[in-house]
Amino acid sequence: MEFVLNGRRVQVENLAPQTTLLDYLRASGLTGSKEGCAEGECGACTVVLVREGPAGTEYRGVNSCLLFLPMLAGQEVYTVEGLAQGGKLAEVQAAMVRHGGSQCGYCTPGFVMSLFAEQYRPDRGAGFDLHALSGNLCRCTGYRPIKDAALSLGPAPDDAFKARLREPAPALGPAVYESEQGRFVRPGSLEECLTFLALHPEAKLVAGGTDAAVESNLRYRRWELLVGLEAIPELRIFEEHADAVEIGAGLSLGELERRWKGAPQAVRDLLPLFASPLIRNSATLGGNLGTASPIGDSPPVLLALDAAVRIAGKDGERVVSLAEFFKAYRQTALGRGEVIVSVRVPKPYPVHSRFYKVAKRRMDDISTVAAGFA
């Protein structure tokens, strides 16, 4: 399996499929990325991927502790070590130094990578969105000097990183990775995926990995076969129809946030409070529903909006209302070998809808109570 790391092509073999990108980086000597929580909460492990977004090629910040290494097949990754060019710090690094935004330094590389992704965001405009840093936690400086560093940044310099954004992002294509510890398969179409699952219904499905990787990191769960859903185009649609909006189950929440301009108020309340930008850049609506977790933030809103899920398997497709989809704790109406293809929200939307979330922190935290009303 190959991918591009800091501009250099690297090859991976003989590692367990559940090896995280973070563990691989640190074992390779790139120790700027840190492990603080192993569940995507602290942002100390932040890296950026070169991905295609709604506004073109972009640098997308993600938690490297939540990415299984084979998910990077054919992709392009940058870490904090890759930003300095010719011995000169990148602007975001220099700004953190100039404004005293680092003390112990543990969280600093993660902040730098989130700053970098925001500075080079193609549709950024003149301002700097400080919420881009809401997935990065620091316990030393307080946030004022980090905020000062962020607000001091002007437009992205016309350098090699900006030039990279004028070129297409790597395509997400099918991939297979095998080692003695297990196998990872990434189908390139829905038909290919369903055919494979009919033969291997025991496979663990992975979309963004933000739930499965936590199970792997903290609960030491292991699966012999992982099936990645991120390269299936049928799962990445976003379509507005007269009677409904249809959201691909594999579309990241970050992309959904930018594409669904006319979303009901409850959805606009929900998305900024759903974990953090780093999580939303990987997590999917289908994954949040498929886990059937009682602390999932999206089900209350989608239940209030009378949403339904489109499910596909070897015997065809069916549509199930979300009210009938959840059967019990961590149990859904999905049969063996089936996948959620899309989520359908009917129109017209309710005149009034709201989402409320109570948590220990306003941003980047698990709900104590989440409620949707329409």
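Scroll up to find the structure this text is about.
Just so it is clear, the structure is predicted and the values come from calculations on it, not from any experiment. (Residues numbered from 1 in each chain as written. Predicted model: local features only at pLDDT ≥ 70, side-chain atom pairs only at ≥ 80, totals over all residues. Heavy atoms only, no water.)

Asker: Teacher, can you tell me more about helix H7 (residues 212–219) here?
Answerer: Along an α-helix, residues three or four apart share an orientation, since each turn contains 3.6 residues. With respect to burial, H7 is a largely interior element, six of its eight residues being buried. For H7, the set of buried residues is Ala212, Ala213, Val214, Glu215, Ser216 and Asn217. On its buried face, H7 is in contact with strand E8 (204–206). Tyr220, located one to two residues past H7, shows a positive phi value of around 60°. (Buried < 20%, exposed > 50% of the residue type's maximum accessible area, 1.4 Å probe, protein only. Helix = DSSP H or I, 4+ residues; strand = E, 2+ residues; numbered from the N terminus. Contact = heavy atoms within 4.5 Å.)

Asker: Any chance you could explain unusual backbone geometry here in plain terms?
Answerer: Negative phi is the rule for most residues except glycine; trans is the rule for most peptide bonds. The omega torsion of the bond from Lys347 to Pro348 falls at -5°, within 30 degrees of zero and hence cis. The topology assignment puts Pro348 in the loop between strand E16 (339–346) and strand E17 (354–358). Look at Tyr220: it is not a glycine, yet its phi comes out positive at around 60°. According to the relative accessible area criterion, Tyr220 is exposed, its value standing at 63%. The residue Ala275 is not glycine, and still its phi comes out positive at about 55°. Residue placement: Ala275 occurs in the loop between helix H9 (265–270) and helix H10 (277–280).

Asker: I'm lost on the packing of aromatic side chains in this one. Help?
Answerer: Aromatic ring pairs: the centre-centre distance and the angle between the two ring planes describe each pair. Tallied over the entire structure, the rule returns 14 aromatic pairs. When the ring of Trp260 is compared with that of Tyr349, the centres are 6.2 Å apart and the planes differ by 65°; the resulting orientation is edge-to-face. Here Trp260, found in the loop between helix H8 (253–259) and H9, pairs with Tyr349, found in the loop between E16 and E17; they are 89 residues apart in sequence, far enough to count as distant. Residue classification places Trp260 among the buried residues on the basis of a relative accessible area of 4%. (Phe/Tyr/Trp six-rings, centres within 6.5 Å; stacked < 30°, edge-to-face > 60°.)

Asker: Just to check I follow, could you spell out the pattern of salt bridges for this structure?
Answerer: Side chains bearing opposite charge may pair, as long as their charged atoms lie close to each other. Applying the stated criterion to the full structure yields 25 salt bridges. One salt bridge in this structure joins Arg186 and Glu230, with 3.5 Å as the shortest N-O distance. One end of the pair, Arg186, is in strand E7 (residues 182–186); the other, Glu230, is in the loop between strand E9 (225–228) and strand E10 (238–240), and 44 residues separate them in sequence. A single burial state applies to Arg186 and to Glu230, both of which are buried. When salt bridges with common partners are traced through the structure, they connect Glu58, Arg60, Arg236, Glu255, Arg258 and Arg259 into a single cluster. (Salt bridge = Lys/Arg side-chain N within 4 Å of Asp/Glu carboxyl O.)

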